[in-house]
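# Observations on the model geometry
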Amino acid sequence: MKTAIDTGTKQAIARLEQRAAAEGLLDVAYAHADSPFGPLLLAQTQRGLVRVGLPNQDQGELLVDLAARVSPRVLEAPTLLDEARRELDLYFEGKLDRFDLPLDWQLSGGFRQRVLRAIARIPYGETRSYTEMATKAGNERAVRAAGTACGSNPIPLVVPCHRVLRTGGALGGYGGGLPMKQALLELEGALDGRSST
Amino acid sequence: MTASLPPFQTLLDTYSADVMAVLRGAVGRDGADDCFQETFLAALRAYPNLEDARNLRGWLLTIAHRKAIDHHRAKGRKPIPVAEVTEAVEADVVSEPDHDLWAAVGALPPKQRAAVALRYGSDLPHAEIAAALGCSPEAARRSLHEGIKRLRKELA
């Protein structure tokens, strides 16, 4: 599909991205980022970070989904995501315990969004149960729905759904795969002195 | 809004080389860069409301064609001050091996110039040239034919 793009055209594209951003035409800016687990996709709107794609997710599909659900004005603009990339790098090095990034919650509604906002407040290195999250979101009986909300988290890592476990400490599920969830909890020292299965 | 519009980045990845080729043919290498910006900014502005996503290439080339015409009009209106007035009119084109050819293409009337650029700069079939120019395939064929005839005469 891709046609060879010469240097002059590449420079023109880079300028275009800057001008699109300056004129408010860049509804979704995205960038690729590296992580110890593999490539990540970061996407933000003018309001904030809207989507983080984990290594096991198809980045092309994520972009098509963003085009359909947020806006088709989706452009790769790496410099706009420098801060998000910087904070994630520090986090993976164990040097950052709190993200300071504006978030755009528009991909989650209602109960799911309340669950995710509660998850965003779980401190680094601590864990909570799905039941606790359901309660925080205003419906202690909706444990399964709280689990679904975690599973549909559009902004994983920054909204730390990996810190939510089953009552009793079993890992539960994770969109990026259970080994990644376990590794993140180990990085944060959250599994110290507890069984990890 | 159409549900199936691809992410705009896909259009850039897929068609920017074509758009640049057409613009370089139509306005020359120097002007092509600005026209490229104007083309894609206009496309980006209109994109969410685009109703028919079936011929994105033709749509982009139509916009590029209009921007090329704007460019020539703007140039016509803005004379550039020079130290010495020379009578020779030079088209705003690249100094490449086929300099003479593209200079001659640049001097064609807008429709013919666009038809030639779309056909030989971008390898578009007649139907797509017609879509890009907003005319019938027959008219596109005629513009192309007239353009080539004129080029043959110029360069003979």
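Keep in mind it's a predicted model, so treat the numbers as computed, not measured.

## Examining the overall build of chain A
Assigned secondary structure in chain A consists of seven helices and six strands. Its helices and strands taken in sequence order, chain A reads α-β-β-β-α-β-α-α-β-α-α-β-α from the N to the C terminus. For 197 residues, the compact-globule estimate of 2.2 N^0.38 gives 16 Å, and the C-alpha radius of gyration of chain A, at 18 Å, lies within 12% of that figure. If you line up chain A on its principal axes, its C-alpha atoms span 60 × 35 × 30 Å. Counting the 197 residues in chain A, one finds 37% classified as buried.

## Description of the pairing of strand β2 (residues 40-44) of chain A
Residue and element names in this part refer to chain A. Of all five residues making up β2, five are buried, and the element is well covered by its neighbours. Neither face of β2 is left uncovered, since the one carrying Leu40, Leu42 and Gln44 and the one carrying Leu41 and Ala43 both have all their residues buried. Of the pairings in the sheet, the one linking strand β1 (residues 28-33) to β2 comprises five bridges and is antiparallel in character. Across the sheet, Ala33 pairs through a bridge with Leu40, a residue of β2. Hairpin connection, β1 to β2: the antiparallel pair is bridged by six residues, and Gly38 has positive phi, about 130 degrees. Both β2 and strand β3 (residues 49-53) contribute to a ladder of four bridges, which runs antiparallel. If you follow Gln44 over to β3, its bridge partner there is Leu49. Connecting β2 to the antiparallel partner β3 that follows it, the hairpin turn spans four residues, and Gly48 within it adopts a positive phi of roughly 160 degrees.

## Some thoughts on the environment of A:Phe111
All names here are of chain A. Topologically, Phe111 is positioned in helix α4 (residues 110-119). Overall, Phe111 belongs to the partly exposed group, with 17 C-beta atoms counted inside 10 Å. Sequence separation of Phe111 and Leu96 is 15 residues, and the distance between their C-alpha atoms is 29 Å. Look past the residues within four positions of Phe111 in its chain and what remains in contact with it is Ala137, Asn139, Ala142, Ala145 and Ala149.

## Some details on the domain arrangement of chain A
All names here are of chain A. You can read the domains of chain A as domain 1 (7-92) and domain 2 (110-187). Taking only C-alpha atoms, the centre of domain 1 and the centre of domain 2 are 25 Å apart. At the junction of the two partners, domain 1 supplies nine residues and domain 2 supplies nine residues. Sort the elements by how many residues they give to the side of domain 1 that touches domain 2 and β3 lands first, with four residues. When its residues are assigned to classes, the side of domain 1 that touches domain 2 shows seven nonpolar, one polar and one charged.

## Overview of the environment of A:Leu54
All names here are of chain A. Mapped onto the fold, Leu54 is located in the loop between β3 and α2 (59-69). Sequence spacing of Leu54 and Leu40 is 14 residues, and the spatial spacing of their C-alpha atoms is 5.2 Å. Leaving out residues up to four positions away in the same chain, Leu54 has contacts with Leu40, Pro156, Gly175 and Gly176.

Rules used in this analysis
- Throughout this description, residue numbers start from 1 for each chain and increase along the sequence as written.
- Working convention: letters from A go to chains and numbers from 1 go to ligands, in the order in which they are written.
- A pLDDT threshold of at least 70 governs which residues receive local features in this predicted model, and a stricter bar of 80 or more applies before side-chain atom pairs are shown or counted, although totals over entire chains, interfaces and linings include all residues.
- Counting from the N terminus, the helices are DSSP H or I runs at least four residues long and the strands are E runs at least two residues long.
- As defined in this context, the radius of gyration uses C-alpha atoms, and a globule is described by 2.2 Å times the residue total to the power 0.38.
- Note on burial: count the other C-beta atoms lying within 10 Å of the residue's C-beta; 20 or more is buried, 12 or fewer is exposed, in between is partly exposed, and C-beta positions come from the backbone.
- The pairing criterion is simple: DSSP has to find at least two bridges between the two strands.
- Here, residues touch in the contact sense if the C-beta positions derived from the backbone fall within 7 Å of one another.
- Bear in mind that the domain bounds are from an automatic or database domain assignment.
- Three categories are distinguished: nonpolar for Ala, Val, Leu, Ile, Met, Phe, Trp, Tyr, Cys and Pro, charged for Asp, Glu, Lys and Arg, and polar for the others, with Gly belonging to the last.

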